[in-house]
Every structure is written in C-alpha cells, then in structure tokens.
Amino acid sequence: MPAIGPCRRPEIAWRVIDGEAVVVNPRSGLVYPFNPVATRFWELADGTREIEQIIEQILEEFEAPHEDIERDIAEFLQMLVERGMIALPA
Amino acid sequence: MTHIDQRLTLDIADLSLTLLDDAPVASEWLRDRCASYHTKKTDAAASTTLAVRRNPDFVMGADMLVAELGDAPGSFWIRGVDFIARRRRCGLPVEVEAHPEAGMAGILRWVVSALLLEQGGLLLHSMSYSYEGSGIVCAGPSGRGKTTLARLLAQQVTLFTDETTAIQRVGDAVVAHATPFAGELGIVSGPASAMLDAIFLLRHAPQTQVRRLSAAEAVTQLLGCTFAPLRSGVWMNACLEAVEHLARSVPCYDLCFRPEVNVWETLQDACHRTVPAA
C-alpha cells in the first residue's frame, strides 16, 4: 500500500531505549539520540498516517503549545528528509 | 621468515579460530604478537576455519569498510581495503581473499567482531583490566585516552588490553575478554577474562569527574566505540541490540579525566559506591 504520510526509510537502524530513540543513519554513519517528542514522531512515521494525524497524536500525549509542537515537528521533519532518513509520499 | 604451519588454532574470547594462511605477513603477527593465544585444542567441529587465499591481483577497495550480515544464520560479508571475508552460513568456513600484504590482525579483528555479534557480543574500542576479580572497561574512540589510562593504571591492575576488548553474554552476565589486538602501548597480555562490573566512557577534561549515564546515553556513546560498519543497517541493528543489552546489564559512566594518578581513586570510588543513574 502506498504511503500516505512521512515514512522511515527501511535502511535506518534504530531502537527506542526508555522512551528515547537512538537512530543510526547508514548513509552518513551518524548516530542521533532523539528526545521523547522526536522519538514519538519517529515511531508514528511509518507511512500509514498523514502529518496532521501524527501532530494530533503527539499533542494528545505531550503537554506543549500546539504551535510549538507544529513548528518543532516541521523543522524536525525537514531535517530528516534532508538527511535521507524519512521519505515523503509522492 | 617463518611461515605458519598448514593449520593454526587460536582461542580468542572463547572463540576457536583455525587459520589456514601461509603468507609471511600473517605469520609475523601471529608469531610476534599472538603466540599466547595459540591453542592445541583441535576440536574441528567447534572451531571456525578462516581459509585465506592470497591474491597478488587483489583489487584494493576504498578506505571505508563495508560489511553486511546475510539472511542465512551466521552469514556475513566484509569488504576491507585489502581483503574480502565471507561466510555463507553458520558452520561453514570463513573464506578470505586478501592482498599478499594484508595484515592478519585487521582481517581477524573484523571476523571476530562478526562472530561475536552472532552471539549477541561485541568488540569494543576500549582498554580493560581486572582488579580483585572485577572486570572494568574504559571505552572511547581514538584520542580519548585509552592508552594514557592503561599507562596510569598498569601498576595497580591486571591489564587486559589498551585497545580492543571482546564482550560476551554469559546468561544474564557479561564477560570482558582480552584480545591480541593491541593499541599504542603494544602490549598483548595473553588470554584473560573477568565478569564485567562497570564501563567508563572516556574523555579528557581539565578536572576528573564521573557521572552515571542513562541507558540511552550509554548506547549512543558505546555505538561510537564498536567495531561496526556504520553504513550497514542490518549489522548496525544487531549491534544496537547488543549495545542495549550491555548498557542495561552493566553500569555505564561518563568519565572526564585529567591524566593523573588520582584517576584510579575516581574509578575505584565509582565502582564501589552506587552512583545514581541519570
């Protein structure tokens, strides 16, 4: 089924440890420790949810202003796309 | 120059490895550095054979090592600058094609890394030692002070290595093993092992201090100390699993240290009192 939202690239190695993801990008060889919000975004970005659905889900789980979460996730998503760690739907 | 006999068996971190390689460059390392790891045990079924074929026409690879774990159990493929090693599945020999000048230590280190990973173990860039039965690992990439620390502690402890420690799971416990892969210090201690009681992630600093790391912090730092080809997703996932087990099983500390003798007191202090987890 084609992805309808952001989708983690399958070659990325990752693991969630006590609510924080440690992510390795094999393209660059860099290791990224994610904070809890970034970790939740990463877990939800499996291609089955649109970006708006992911933001809604995160807003339900974390206490933070809507606009802050929306801005942070937009910046984070852009970084992940630029580094080839997440694909956006065609 | 002495060549290896047809067959030579080494015992490294409880892995039995039978080498078939008669290149002078191989025998030199094995004779000079690795003699204490030779073993007379000849249980062929329990030993992994490394069959090395030296090829004068070997096409040298790029600087970066590339490696991958295969789908079949125990299968892997490693491409270094001057060698290719592959095993098609568990129980079969590791077939190595290498340049005539390719060092045996470099080849063997990567093969040992792959074999340990199959068992949930790891090779770590680290100095390690035992003291009163406790195994301690001080890990860090090049330049973080592994050899400096080894020099500082050499009088107090039984030094395993200043460069490469093998980590193995034994039930719920973790064991640290010496390896013949020495660093700047150039000392190969011979086979030795101890139950691992603490891991220190090293860095130089103006003041010596220690801080307990969370599991996620420890995993992030330990990953940079593994012999893992970062560009291999499958290998890295296996490595992540092994590193997480290690970080959850053994207390991990950030050790900022100034190269002076009192670092020994700091290490002992951290090992004997409970530094709260972050």
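Cut-offs applied
- Residues numbered from 1 in each chain as written.
- Chains lettered and ligands numbered in written order.
- Predicted model: local features only at pLDDT ≥ 70, side-chain atom pairs only at ≥ 80, totals over all residues.
- Heavy atoms only, no water.
- Helix = DSSP H or I, 4+ residues; strand = E, 2+ residues; numbered from the N terminus.
- Rg over C-alpha atoms; globule rule 2.2 N^0.38 Å.
- Contact = heavy atoms within 4.5 Å.
- Areas by Shrake-Rupley, 256 points an atom, 1.4 Å probe, with all protein chains shown as cover.
- Lys, Arg positive; Asp, Glu negative; His and termini not counted.
- Charge placed at Lys NZ, Arg CZ, Asp CG, Glu CD.
- Pairing = 2+ DSSP bridges.
- Axes fitted to C-alpha atoms, helices over the stretch in contact; angles between N-to-C directions.
- Disulfide = S-S within 2.5 Å.
- Left-handed = near helix turned anticlockwise from the far one by under 90°.
- Phe/Tyr/Trp six-rings, centres within 6.5 Å; stacked < 30°, edge-to-face > 60°.
- Buried < 20%, exposed > 50% of the residue type's maximum accessible area, 1.4 Å probe, protein only.

A. Broad picture of the overall build of chain A. Within chain A, the secondary structure is distributed over 3 helices and 5 strands. Starting at the N terminus, the α and β elements of chain A follow one another as β-β-β-β-α-α-α-β. For chain A, whose C-alpha radius of gyration is 12 Å, the value lies close to the compact-globule estimate of 12 Å for 90 residues. Along the first, second and third principal axes, the C-alpha atoms of chain A reach 35 × 30 × 20 Å. Taking as baseline every contact in chain A between residues at least 6 positions apart, the subset at least 24 positions apart corresponds to 54%. If you sum the accessible surface of chain A, you get close to 5,000 Å²; carbon and sulfur atoms cover 50% of it. For chain A, the centre of its 8 positive side-chain charges and the centre of its 17 negative side-chain charges are spaced 10 Å apart.

B. A look at the pairing of strand β13 (residues 193–204) of chain B. Residue and element names in this part refer to chain B. Two elements, strand β9 (residues 134–139) and β13, share 5 bridges in a ladder whose sense is parallel. If you follow Ile-136 over to β13, its bridge partner there is Ala-198. Sheet analysis places strand β12 (residues 173–177) next to β13, joined by 3 bridges and oriented antiparallel. Counted as the bridge partner of Val-175 is Met-195 from β13. The pairing of β13 with strand β15 (residues 252–257) spans 6 bridges and is classified as parallel. If you follow Phe-200 over to β15, its bridge partner there is Tyr-253.

C. Highlighting the pairing of strand β4 (residues 30–33) of chain A. Residues and elements named next belong to chain A. Judged from the 4 bridges that link them, strand β3 (residues 20–25) and β4 form a sheet pairing that is antiparallel. Note on β4: the bridge partner recorded for Asn-25 is Leu-30. Counted between consecutive antiparallel strands, the loop separating β3 from β4 contains 4 residues, among which Gly-29 sits at a positive phi close to 75°.

D. Spatial organisation of the sheet that holds strand β2 (residues 13–17) of chain A. One open sheet holds the 3 strands; their spatial order is β2-β3-β4 (chain A), and the pairing between them is antiparallel. Each edge of the open sheet is held by one strand with a lone partner, namely β2 and β4 of chain A. Direction aside, neighbouring strands of the sheet carry axes that sit 15° apart on average. Seen against the sheet, helix α4 (residues 215–223) of chain B touches β2, β3 and β4 of chain A and runs at an angle of roughly 15° to β3(A). Contacts from helix α5 (residues 233–249) of chain B reach β2 and β3 of chain A within the one sheet, and its direction differs from that of β2(A) by about 20°.

E. Spotlight on the state of the cysteines. Tallied over the full model, the rule gives 0 disulfides over all chains. In this model Cys271(B) remains outside any disulfide bridge; the closest cysteine sulfur is found in Cys138(B), 8.3 Å from its own.

F. Spotlight on the packing of helix α2 (residues 104–118) of chain B against α5(B). Residues and elements named next belong to chain B. It is at 10 Å that the axes of α2 and α5 come closest, and there the two elements cross at 65°. In terms of crossing hand, the pair formed by α2 and α5 is left-handed. Touching Trp-110, Ser-113, Ala-114 and Leu-117 of α2 are Trp-235, Ala-238, Cys-239 and Ala-242, all from α5.

G. Region of interest: the packing of aromatic side chains. Residue and element names in this part refer to chain A. Taken as a whole and assessed by the stated rule, the structure comprises 10 aromatic pairs over all chains. Arranged with centres 5.7 Å apart and planes meeting at 75°, the rings of Phe-41 and Phe-76 form a pair that is edge-to-face. A residue pair is termed long-range when its members are at least 10 positions apart, and Phe-41 in helix α1 (residues 36–44) and Phe-76 in helix α3 (residues 66–82) qualify at 35 residues. What makes Phe-76 buried here is its relative accessible area of 14%.

H. Layout of unusual backbone geometry. Residue and element names in this part refer to chain B. We note that Asp-14 has phi near 65°; this positive angle belongs to a residue other than glycine. Along the chain, Asp-14 falls in the loop between β1 (8–12) and β2 (15–20). With a relative accessible area of 60%, Asp-14 lands in the exposed category. Of note in the backbone geometry, Glu-132 takes a positive phi value of approximately 50° without being a glycine. Taking the relative accessible area as the measure of exposure, Glu-132 reaches 67% and is therefore exposed.

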